[in-house]
Amino acid sequence: MMRFAKRRQANLTTWAIVVLIAGVLFAAVSAGLTRASFWTGWLLMAAVVLLSLYSQRKRLSMLPIGRAAVWLQLHAYTGAFAIVVFVAHTGLSLPDAPLEWLLWLSFVGTAGSGLAGLYWSRTLPPRLANADEELIFERIPLFAARLRQRAEQLVVDAAAQTDSPLLGEHYRTHLAELFMAPQWRWRHLGPTHYVTRQHDRLIALERYLADDEKPFARELAGLCRQKSDLDMHFTVQGLLKAWLFVHVPLTAAMLLLAVLHLVAAHAFGGA
């Protein structure tokens, strides 16, 4: 942990120095005869190309071109640098042409999704590590189906052995939808473990149950807890996979639009 903190401090210091040097050069160019937007545009283009190389590095993991962790750090800090250059290049003003609007929106979308993905990739994996067991995302529907079958069988056994419909009615009213399939729940992204309302309801229901029904209710409450863990895995793993389907296409679109913008800028004398 200490080594990681020192490495992060060194990286942030290096990044700050690079931004400071770029700021000084930007001020010097702005004070001269050459348009600063010309140089910031080329610098931003270089940063975008470097950022796009990260996805290619992931496809060529077998080649000895550096560790993936180093490339990820380079990608993150280059992205942060690109945001600074983008602000300098646009001056925080809105575009006034369709191509520039498309490029502006693609960059903002790429940067926003990248920052969100960086945050999620740092904060969400510990949630999975602290869970009772590891689950493969593609097998979560299978586990959900098994939980539903077990819950339904438990309700049937409770009705047969206790001759009471109370637990079955509670299942049909409050739990049937819960056990139908894995569910995306935003609250599972929070810092604390979420216990379903259905679990709490079953605990509260025990006071109205006969003694021979309570073991069934407690086991059903445990299944609710397992379903909550299953939904947490489904939400967290799904989000960690899904954001890439937004970030990567936006990066490709941004690179293409940046090339078109660069050609148009030189052809028609734009910034």
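Procedures and definitions
Residues numbered from 1 in each chain as written. Predicted model: local features only at pLDDT ≥ 70, side-chain atom pairs only at ≥ 80, totals over all residues. Heavy atoms only, no water. Helix = DSSP H or I, 4+ residues; strand = E, 2+ residues; numbered from the N terminus. Contact = heavy atoms within 4.5 Å. Areas by Shrake-Rupley, 256 points an atom, 1.4 Å probe, with all protein chains shown as cover. Salt bridge = Lys/Arg side-chain N within 4 Å of Asp/Glu carboxyl O. Buried < 20%, exposed > 50% of the residue type's maximum accessible area, 1.4 Å probe, protein only. Core = buried A, V, L, I, M, F, W, Y, C linked by side-chain atoms within 4.5 Å. Phe/Tyr/Trp six-rings, centres within 6.5 Å; stacked < 30°, edge-to-face > 60°. Axes fitted to C-alpha atoms, helices over the stretch in contact; angles between N-to-C directions. Parallel < 35°, antiparallel > 145°, perpendicular 65-115°, else oblique. Left-handed = near helix turned anticlockwise from the far one by under 90°. Nonpolar A, V, L, I, M, F, W, Y, C, P; charged D, E, K, R; others polar.

**Student:** Mind showing me how you'd approach the overall build of the protein chain here?
**Tutor:** The helix and strand inventory of the protein chain stands at ten helices and zero strands. Mapped in sequence order, the helices and strands of the protein chain form the string α-α-α-α-α-α-α-α-α-α. Residue pairs in contact within the protein chain that sit at least 24 positions apart in sequence constitute 80% of those at least 6 positions apart. For the protein chain, the exposed area adds up to about 16400 Å²; of that, 66% sits on carbon and sulfur atoms.

**Student:** Where do I start with the pattern of salt bridges in this structure?
**Tutor:** When charged atoms on two side chains of opposite charge get close, those side chains can pair. Under the definition given, this model contains three salt bridges. Residues Arg-150 and Glu-219 are paired through a salt bridge, measuring 2.4 Å at the closest nitrogen-oxygen approach. In this pair, Arg-150 sits in helix H6 (residues 140-162) while Glu-219 sits in helix H9 (residues 214-242), placing the two residues 69 residues apart along the sequence. Looking at Arg-150, the relative accessible area reads 33%, which means it is partly exposed. For Glu-219, a relative accessible area of 34% translates into the label partly exposed. One salt bridge in this structure joins Asp-231 and Lys-227, with 2.8 Å as the shortest N-O distance. Placement of both Asp-231 and Lys-227 in helix H9 is noted, with a separation of four residues, approximately one turn of the helix. With a relative accessible area of 0%, Asp-231 lands in the buried category.

**Student:** Looking at this structure, I do not really get the nonpolar core. What am I missing?
**Tutor:** Most often, soluble globular proteins keep nonpolar side chains buried together rather than apart. Within the largest apolar cluster, 24 residues are counted, with the highest numbers of intra-cluster contacts made by Leu-167, Tyr-171, Leu-175, Phe-179, Leu-202, Leu-220 and Leu-223. Each residue touching Leu-223, except ones within four places of it in the same chain, is listed here: Leu-147, Arg-150, Ala-151, Leu-154 and Phe-179. Within the second largest apolar cluster, 16 residues are counted, among which are Val-48, Val-85, Leu-257 and Ala-258.

**Student:** It is not clear to me how the packing of aromatic side chains should be interpreted in this structure. Could you clarify?
**Tutor:** Geometrically, a pair of aromatic rings is defined through the distance of the ring centres and the angle of the planes. This model, assessed by the stated rule, comprises four aromatic pairs. Arranged with centres 5.6 Å apart and planes meeting at 10 degrees, the rings of Phe-137 and Phe-234 form a pair that is stacked. Remark: Phe-234 occurs in helix H9 and Phe-137 occurs in the loop between helix H5 (125-129) and H6; sequence separation between them is 97 residues.

**Student:** What exactly am I supposed to notice about the packing of helix H7 (residues 166-175) against H9 here?
**Tutor:** Helix-helix packing is characterised by the crossing angle of the two axes and by the distance between the axes. The N-to-C vectors of H7 and H9 enclose an angle of 20 degrees; their axes lie 12 Å apart at closest approach. The angle between the axes of H7 and H9 places the two elements in the roughly parallel class. In this structure, the crossing between H7 and H9 has a hand that is right-handed. Where H7 approaches H9, its residues Leu-167, Tyr-171 and Leu-175 are matched on the opposing element by Phe-216, Ala-217, Leu-220 and Cys-224. Residues of the contact of H7 with H9, tallied by class, amount to seven nonpolar, no polar and no charged.

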